[in-house]
Amino acid sequence: MNDLSAILTPEYLAVVLLPALIAGVAVSLCSSLLGVSMVLKRCSMIGDGLSHVGYGTLCIAVAMGWAPIQVTIPVVIVAAYILLRLSESRKSRGDTAIAMFSTSALALGILVSSKANLTTDVSHYMFGSILAMTHGDVILSVVLSVCVLLVYLLFYDKIFAVTFDENFAQATGLNVRFYNLLIAVLTAVTVVLGMMMMGALLISSLMIFPAVTAMRICRSFKRVVVTSVIISVTCFLVGLFLSLWLDTAVGASVILTNLAAFALASLISMLTRRRKPQTADVPKE
Amino acid sequence: MALLTCKDLTLRYETLTVMEHLSFTVEKGDYLCIVGENGSGKSTLMKCLLGLKSADGGTLTLGDGLKRSEIGYLPQQSEIQRDFPASVEEVVLSGCLNSRALHPFYTKAEKQRALEQMECLKITALRKRCYRELSGGQQQRVLLARALCATKKLLLLDEPVTGLDPVVTTELYGILEHIHKEHGITIIMVTHDVECAVRHAKKILHIGKGESFFGTCEAYMQSEVGQKFLDASGHFEGGKFCHTHHTPQKGDGEHE
Ligand SMILES: Nc1ncnc2c1ncn2[C@@H]1O[C@H](COP(=O)(O)OP(=O)(O)O)[C@@H](O)[C@H]1O
Ligand SMILES: [Mg+2]
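Residues numbered from 1 in each chain as written. Chains lettered and ligands numbered in written order. Predicted model: local features only at pLDDT ≥ 70, side-chain atom pairs only at ≥ 80, totals over all residues. Heavy atoms only, no water.

## Let's talk about the interface of chain B and chain A
Here is the rule we go by: Should any heavy atoms of two residues lie within 4.5 Å, those residues are considered in contact. Once two parts are joined, some of their accessible surface, as seen by a 1.4 Å probe, is lost; buried area is that loss totalled over both. The term salt bridge refers to a side-chain nitrogen of Lys or Arg lying within 4 Å of a carboxyl oxygen of Asp or Glu. Polar contacts here mean pairs of N or O atoms no more than 3.5 Å apart (in protein, one a potential hydrogen donor and the other a potential acceptor; neighbouring residues in sequence count only if both atoms are side-chain atoms). Helical segments are the DSSP runs of H or I of at least four residues, strand segments are the runs of E of at least two, and each set is numbered from the N terminus. Amino acids are sorted into nonpolar (Ala, Val, Leu, Ile, Met, Phe, Trp, Tyr, Cys and Pro), charged (Asp, Glu, Lys and Arg) and polar (every other residue, Gly among them).
Counting residues at the interface gives 44 residues for chain B, matched by 32 residues for chain A. For the pairing of chain B and chain A, the buried interface totals around 3,300 Å² over both sides, and the portion due to carbon and sulfur atoms is 57%. At the junction of chain B and chain A, the tally comes to 2 salt bridges. Across the pair Arg219 of chain A and Glu133 of chain B runs a salt bridge, and its minimum N-O distance is 2.9 Å. Taken together, the links from chain B to chain A amount to 7 residue pairs in polar contact (both at pLDDT 80 or more). Counting only elements with at least two residues in the side of chain B that touches chain A, the list comes to strand 5 (71-74), helix 2 (88-93) and helix 4 (136-150) of chain B. Counted by class, the side of chain B that touches chain A contains 20 nonpolar, 9 polar and 15 charged residues.

Here is the structure:
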């Protein structure tokens, strides 16, 4: 256990912790929003696939000496488009195609980085390095997160329609392909940002956890979205604090905090479901 | 010009040909029932009419100034996500989306429209409730309200009464009759309940292997295809109703 008063010097707070905190909160916000769509559209494997592609690209970017975020985001956006197409064509074989595509990208990245002898440099993206981000990365993350957030809010109603019933939305004239692509692009950006902070291995579960937790206790889409944002940000803050205190990895601590929140929500929903469902008191017309 | 014109329509799934050379028209004010056995391609045809599936031969044309975004749709129940956390209000409102182009949020008028439809289907009291916790009949009304938000002209329904008990079924047919007559909305409905089809519809489209029929109800009851199908379903003898018992399938009052 760490003596927190010794670590948390004013200088550390201002230079390391505060930027990490801001960036982390911003990314947690985005990841929970998109997590809701991922869970409800049953395409969590796309998030997983994107994190594989992202990690592979990151390896190559580092090996080549390119700026990691700036290179990875466009590549992952393109990958998101490809994965979306793969999952659309022939529904049954979609996941297999996604797994094959994303693991190949990952393997390519590892191959390049092992040739360049950079394995130690990239391995911290595996588990994330929120406290080691440069100021440039922090600013970029915050700006991108705000963009994701704004686009999400602007298209909130359409995202609901496309998530709830894609066929109806398309049949009544909504451009479903465009909105699916939009969701995929926002997911791609979020995955890359989250990966830098929380780690490639953990990011897709970090996106899903708050949404699943919120779905246990909420009964409208809006509440699910708002609750999952609150859960995500709270769990991030608690997890970060715990990781400083117990000297553990940030991403893992946040995940375990999420697990605790999920357990709590399950308990609450079990207890409330014990009561009779209130369907009986509505007059039947 | 007719609202919908299908000419020589052919629909396929990769290797499986579902239907070939189907022709029919839907006029303004029609009440058309599409009947046929399970797997005869009713839902597939519906998908084509909705533009979710393109024709593999022949043409489908919209006429009379009908636009794609002016069609309301009630999907077959199996296609809806049953465990989705959404309130009734959110679901109904989502039917209003097609009428606006770039406006990011729902306008007052749209909210009013959703409210009117909920009023019309008597689900205003359920407004804040969670869709997944409603009974089958209530869920159908919610989806119908959403479909009505999307259209003032043409309503497509895919097996709207499957899984509902007889009382709720009668109610739903009554509601449809009302929207057809009072609101002047053209209805195309898929069903495999021929008895109700001939009782409520003006025209029948029967699709099946080899034999198909398109025409008025009366003509259908006289036709060979119609008589065979009606006899097989046991509700008719020589074009007359006989009193058979309708077995309730899934109780409306049930909750998961
Ligand atoms: N997505 C699909 N891919 C391949 N075949 C399909 C698909 N959907 C339906 N079919 C097949 O097309 C035929 C018609 O199905 P459908 O239109 O659902 O029938 P109905 O609604 O009349 O019961 C069936 O034989 C079914 O197996
Ligand atoms: Mg069907």
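## Looking at the coordination of the magnesium ion (ligand 2)
For clarity, the cut-off: Coordination here is defined by N, O and S atoms within 2.8 Å of the metal (3.2 Å for Na, K and Ca), and since water is not considered, a site can look incomplete.
Listed as protein donors to the magnesium ion (ligand 2) are Ser43 of chain B (OG) and Gln76 of chain B (OE1); their distances from the metal cover 2.0 to 2.5 Å. In this pair, Ser43 of chain B is assigned in helix 1 (residues 42-49) and Gln76 of chain B in the loop between strand 5 and helix 2, connecting sequence segments 33 residues apart.

## Brief notes about the sheet that holds strand 1 (residues 4-13) of chain B
All names here are of chain B. Put simply, the test is: Should DSSP find at least two bridges between two strands, the strands are regarded as paired. Fitted lines through C-alpha atoms serve as axes, helices being fitted only where they are in contact, and the angles separating the N-to-C directions of these axes extend from 0 to 180 degrees.
Read from one edge of the open sheet, 3 strands run 2-1-4, paired in antiparallel fashion. Edge strands, defined here as strands with exactly one partner in the open sheet, are strand 2 (16-26) and strand 4 (57-62). Averaged over all neighbouring strand pairs, the angle between strand axes comes to 25°, with direction disregarded. Pairing of strand 1 with strand 2 involves 7 bridges; the strand directions are antiparallel. Counted as the bridge partner of Arg12 is Thr17 from strand 2. The strands that helix 1 touches are strand 1, strand 2 and strand 4; relative to strand 1, the one it contacts most, it runs at about 120°.

## Details of the packing of helix 4 (residues 68-88) of chain A against helix 7 (residues 135-154) of chain A
Residue and element names in this part refer to chain A. We count it as follows: With respect to orientation, any angle under 35 degrees is reported as roughly parallel, any angle over 145 as roughly antiparallel, any angle of 65 to 115 as roughly perpendicular, and every other angle as oblique.
Running from N to C, helix 4 and helix 7 cross one another at 30°; their axes reach a closest spacing of 10 Å. As the angle between them shows, helix 4 and helix 7 are arranged roughly parallel. Contacts between helix 4 and helix 7 involve Ile69, Gln70 and Ile73 on the former and, on the latter, Asp137, Leu140, Ser141 and Leu144. Partitioned by chemical class, the residues of the contact of helix 4 with helix 7 number 4 nonpolar, 2 polar and 1 charged.

## Notes on the packing of aromatic side chains
The condition is simple: In this scheme Phe, Tyr and Trp rings, the latter by its six-membered ring, pair at centre separations within 6.5 Å, and the angle between planes marks the pair as stacked below 30 degrees, edge-to-face above 60, and tilted otherwise. Exposure is judged per residue with a 1.4 Å probe applied to protein chains only, and the accessible area is read against the type maximum: over 50% gives exposed, under 20% gives buried, and values in between give partly exposed. Lysine and arginine charges are scored as sitting over a ring when NZ or CZ, respectively, is within 6 Å of the ring centre and within 35 degrees of the ring normal.
Considering all chains together, one arrives at 14 aromatic pairs over all chains under this definition. When the ring of Phe160 of chain A is compared with that of Phe84 of chain B, the centres are 6.1 Å apart and the planes differ by 80°; the resulting orientation is edge-to-face. Taken together, the positions of Phe160 of chain A in helix 8 (residues 156-164) and Phe84 of chain B in the loop between strand 5 and helix 2 put the pair across two chains. Grouping residues by exposure puts Phe160 of chain A and Phe84 of chain B together as buried. Taking the centre distance of 6.3 Å and the plane angle of 65° together, the rings of Phe209 of chain A and Phe262 of chain A count as edge-to-face. Of this pair, Phe209 of chain A sits in helix 11 (residues 203-217) while Phe262 of chain A sits in helix 13 (residues 250-274); the two residues are 53 residues apart in sequence, bridging distant segments of the chain. Through a chain of ring-to-ring contacts, the aromatic side chains of Tyr156, Phe160, Phe164 and Phe221 of chain A together with Phe84 and Tyr131 of chain B assemble into a single cluster. In this structure, Lys53 of chain B is placed above the aromatic ring of Tyr13 of chain B, and the distance from its NZ or CZ to the ring centre is 4.8 Å. Against the face of Phe168 of chain A rests Arg146 of chain B, its NZ or CZ located 3.6 Å from the ring centre.

Nothing here speaks to function; it is all geometry.
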